[in-house]
Amino acid sequence: MTKTIPYLWCCVLLLTGCLLSGCDNRQSTNGNEAFLSEDQTVDQTGQDAETARMVLRLKTLREQVDPMQHAFRSEDRLNLLKKASQDAPITLKLAWQLAFEQMLAGYSAQAGNAFETLLQQNAHRPALADPITRRHLKSLAAIAYMRMGEQANCVMLHGAQSCLFPINPAAIHENQLGSERAMRLYAEILSDYPDDMTSRWLYNLAAQTLGLPVSELPEDWQIPLNLFTSDVELPPFINKATATNSAITDLAGSVVAEDFNGDGLLDLMVSAWGERSQLRVLINQGDDGFVDHTASSGLSGLFGGLNIVPADYDNDGDVDVLVLRGAWLKHAGRQPNSLLNNDGTGRFQDVTERAGLLSFHPTQTAAWGDFDNDGWLDLYIGNESRPNDQHLGELYRNLGNGRFENIAAAAGLATDGFVKGAVWGDYDNDGLLDLYVSNMNGANQLFKNLSEHGQWRFVDVAESAGVADPRFSFPTWFWDYNNDGWLDIFVADFAPNAFNRPQALSASESQAVDVINCYLGSCDSPTKPRLYENLKNGQFADVTQSVGLDQPLLAMGANFGDVDNDGFLDVYIGTGAPDFRTLIPNRMFRNNAGTAFQDITTTAGVGHLQKGHGIAFADFDNDGDQDIYAVMGGAYTGDVYQNALFMNPGHGNHWLTIRLQGTESNRSAIGARVTLNINDNGTERQIHRLISSGSSFGANSLQLEVGLGQARQITTLQVQWPGGKIQQWSNIPVDQFIEIIEGNDQYEGFTPPMANF
């Protein structure tokens, strides 16, 4: 029977949006400050004038926003509430608000104590006498104590196994007070509400952090660990982020994996969306790990960026980066993006203004692709429209002189939607790049490229092609998951339909419960991902169920790569939501020869419990297999966590790494199609790849890293360059790095430096 939530609780929900988490943003384990202080002077020594203007522009915009109209400025909001409490008597409502913002700002112990004080000292108050309200208060206190335990252990005593599910004995909490308090409160809740799956899950999780076996818990509250056994056994990845100085501690953000300085080792650019979160450049030093070159990169003072997208837009041979800002922030999200031009040494200039890209919209996603095949990469930017606040899509045609022209309206792409993902791919093999757009709370769109004779035109064919779902979508990509030469589409779910859900649950918590229920055997969820298989006739078939992906994921960041070098593309999903209760494992799925996806999260050791965002597959140590960099951390000021670098243990399969260089095509060769014919243990088969950075959230390296199974050589290798030119080579040895330049008859082998992490 559904009860009405008391007015006080409704006020808190309206104030905060949902129950969300925090941690102490002053805690760091690797010497990297997560934030620059508000009054810190930006070092602009050698910084060009346009970059300095962007730094000032961002600072000015930040100062113009009222923190009480910005749901994610928890520290600022807390300070304002503290001031209000000094100027007037503390009411019950204000005390609740103070405790809530304490939690979001990272003062977890204080918040937990404050919530318990409200329970104990105000039990006689009518507003807190309702059982549902008291249940909420206990849940809030328990959440705060859970985060208190994570701060004291996973953050401050961070190690390679920290916060990986199932909890390894090496990661059991040394400071157990937080989890002990959380277990006590969850036990009280479960005694009265035994069907509360959120409390049951978090109760079991807290027990794991204390080293308590599941068998010692009350039988009705147990969640057996054998439910999380992987489908197949594989050697585990090892988190080497701390050991390589790449464990940046910050909020939600993204990553680009590229060789920014041309030394043959893949570097990192890492963003976080906080308005005081510094964009960072980490240069790969080989055996010595990564070194933070942010100051020398020219980026000091460039804050924010939930997502970043790479491309060599000016065809000068080095990779540039577009930084995207303002996502989720409504009116406060009217922020500029930044186009960062790389000079080839890993030093960047903000050229947004001179390039003609300066605009002010809430933005999370963009995609580079040469839609008109003129050899210059064009840019689609998807913005977030809401009722009465329209922000149309932007299509910038590259003019070839460092400038862009927005032709979205004429091309049919100035559409409104709450856009969360965008990717280019030639799904119908007609030689023209098409565009897939993932939307929140609306149909997804597949824009077929009908451009001809200099007339740029796109038409949405998603409904007729069968790819409009799910209606709550997030990361997406084009790929050829079954190696048949036709691009398929993956689009992940994020927010559920909250209808018929208990009022006690926020929307994101509802789907977190769905994830846990699916582990328990009930996968009936209103929102699931979609894998669309290309039928080669302009239509797609939904094969999600038949390949084993028909389950809720609550995906935020995600990407794909070949984790075992068998020649079939696998998936890594960063899970969660701002709501702290969405402590669910990140997921890894192995592609079993294009027929099914097997959950290998546990055996691979990559089930990170913190909130996963931008994901990048890349061979950081140049040993021939793909490693994974994952940006962790939440949305609220205090919800920071260390990023992860999962190093691939190797699986004994062969490989080939290809660096393509366009001459008539765009220099990055984005959009090129590569086909490899191999004999894998007596079986003749093809491997098909698209040159891209992968997902719409997180960027793989643009060099092509291909697993070959047990093939001893490549019978033929074919490259179809953007625009249609085809080149082919035969009898290529495996386990090597090669460079292919468009138009050259011969490829060149090369030996990059190795890195022993």
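Just so it is clear, the structure is predicted and the values come from calculations on it, not from any experiment.

The rules behind these values
- Residues numbered from 1 in each chain as written.
- Predicted model: local features only at pLDDT ≥ 70, side-chain atom pairs only at ≥ 80, totals over all residues.
- Heavy atoms only, no water.
- Pairing = 2+ DSSP bridges.
- Helix = DSSP H or I, 4+ residues; strand = E, 2+ residues; numbered from the N terminus.
- Axes fitted to C-alpha atoms, helices over the stretch in contact; angles between N-to-C directions.
- Parallel < 35°, antiparallel > 145°, perpendicular 65-115°, else oblique.
- Left-handed = near helix turned anticlockwise from the far one by under 90°.
- Contact = heavy atoms within 4.5 Å.
- Nonpolar A, V, L, I, M, F, W, Y, C, P; charged D, E, K, R; others polar.
- UniProt positions renumbered as here; feature names shortened; annotations may be inferred.
- Phe/Tyr/Trp six-rings, centres within 6.5 Å; stacked < 30°, edge-to-face > 60°.
- Buried < 20%, exposed > 50% of the residue type's maximum accessible area, 1.4 Å probe, protein only.
- Lys NZ or Arg CZ within 6 Å of the ring centre and 35° of its normal.
- Disulfide = S-S within 2.5 Å.

Considerations on the sheet that holds strand β27 (residues 612-618)
And step 1. Sheet architecture is open: four strands sit in the order β1-β30-β28-β27, paired in antiparallel fashion. Edge positions in the sheet fall to β1 (238-239) and β27, since each has one partner strand and no second.
And step 2. As defined by bridge partners, β1 adjoins strand β30 (residues 644-647) across two bridges and the pair is classed as antiparallel. In the sheet register, Asn-239 faces β30, and the bridge partner there is Phe-646.

Describing the packing of helix α3 (residues 74-87) against helix α4 (residues 92-105)
And step 1. Closest axis-to-axis distance for the α3/α4 pair is 9 Å, and the angle between their directions is 150 degrees. Relative to α4, the element α3 is oriented roughly antiparallel. As α3 packs across α4, the resulting crossing turns out to be left-handed. Touching Ser-74, Glu-75, Arg-77, Leu-78, Leu-81, Lys-82, Ala-84 and Ser-85 of α3 are Leu-94, Gln-97, Leu-98, Glu-101, Gln-102, Leu-104 and Ala-105, all from α4.
And step 2. By residue class, the composition of the contact of α3 with α4 is seven nonpolar, four polar and four charged.

Focus: the UniProt feature "domain: ASPIC/UnbV" (unreviewed entry) in the chain
And step 1. UniProt's entry tags residues 669-738 with the feature "domain: ASPIC/UnbV" (unreviewed entry), counted in the numbering of this structure.
And step 2. As annotated, residues 669-738 comprises 0% helix and 59% strand, and the C-alpha atoms at either end are separated by 15 Å.

What about the packing of aromatic side chains?
And step 1. Going through the model one piece at a time under the given rule, you end up with 35 aromatic pairs.
And step 2. Between Tyr-313 and Phe-404, the ring centres sit 5.9 Å apart and the planes meet at 40 degrees, which makes this aromatic pair tilted. With Tyr-313 in the loop between β7 (307-311) and β8 (320-324) and Phe-404 in strand β14 (residues 404-406), the pair connects residues that are 91 residues apart, well separated along the chain.
And step 3. Of the residues examined, Tyr-313 reaches a relative accessible area of 5% and is grouped as buried.
And step 4. Their ring planes at 10 degrees and their centres at 6.2 Å tell us that Phe-371 and Trp-424 sit as a pair that is stacked. Here Trp-424 lies in strand β15 (residues 419-425) and Phe-371 lies in the loop between β11 (363-369) and β12 (378-383), a separation of 53 residues in the sequence. With respect to class, Phe-371 is no different from Trp-424; both count as buried.
And step 5. Taken together, the ring pairs connect Trp-477, Trp-479, Tyr-481, Phe-490, Phe-560 and Phe-597 into an aromatic cluster.
And step 6. Across from the ring centre of Trp-328, 3.7 Å away, lies the NZ or CZ of Lys-420, which sits over that ring.

Brief notes about the packing of helix α5 (residues 108-121) against helix α7 (residues 131-155)
And step 1. Where α5 meets α7, the closest approach of the two axes is 8 Å, and the angle between their N-to-C directions is 160 degrees. Here α5 is positioned roughly antiparallel relative to α7, judged by the angle of their axes. In this structure, α5 meets α7 at a crossing whose hand is left-handed. On the side of α5, the interface is formed by Ser-108, Ala-109, Ala-111, Gly-112, Asn-113, Phe-115, Glu-116, Leu-118 and Leu-119, while α7 contributes Arg-134, Leu-137, Lys-138, Leu-140, Ala-141, Ala-144, Tyr-145, Arg-147, Met-148 and Gln-151.
And step 2. Partitioned by chemical class, the residues of the contact of α5 with α7 number eleven nonpolar, four polar and four charged.

Describing the state of the cysteines
And step 1. Within the structure shown, the criterion is met by one disulfide.
And step 2. Disulfide partner of Cys-518: Cys-523, at an S-S distance of 1.9 Å. One disulfide, between Cys-518 and Cys-523, carries an S-S torsion of 80 degrees and so falls in the right-handed class.
And step 3. Look at Cys-523 and you get partly exposed, because its relative accessible area is 27%.
And step 4. Here Cys-154 is not disulfide-linked; the sulfur of Cys-163 is the nearest cysteine sulfur, at 3.8 Å.
And step 5. The buried category is assigned to Cys-163, whose relative accessible area is 3%.

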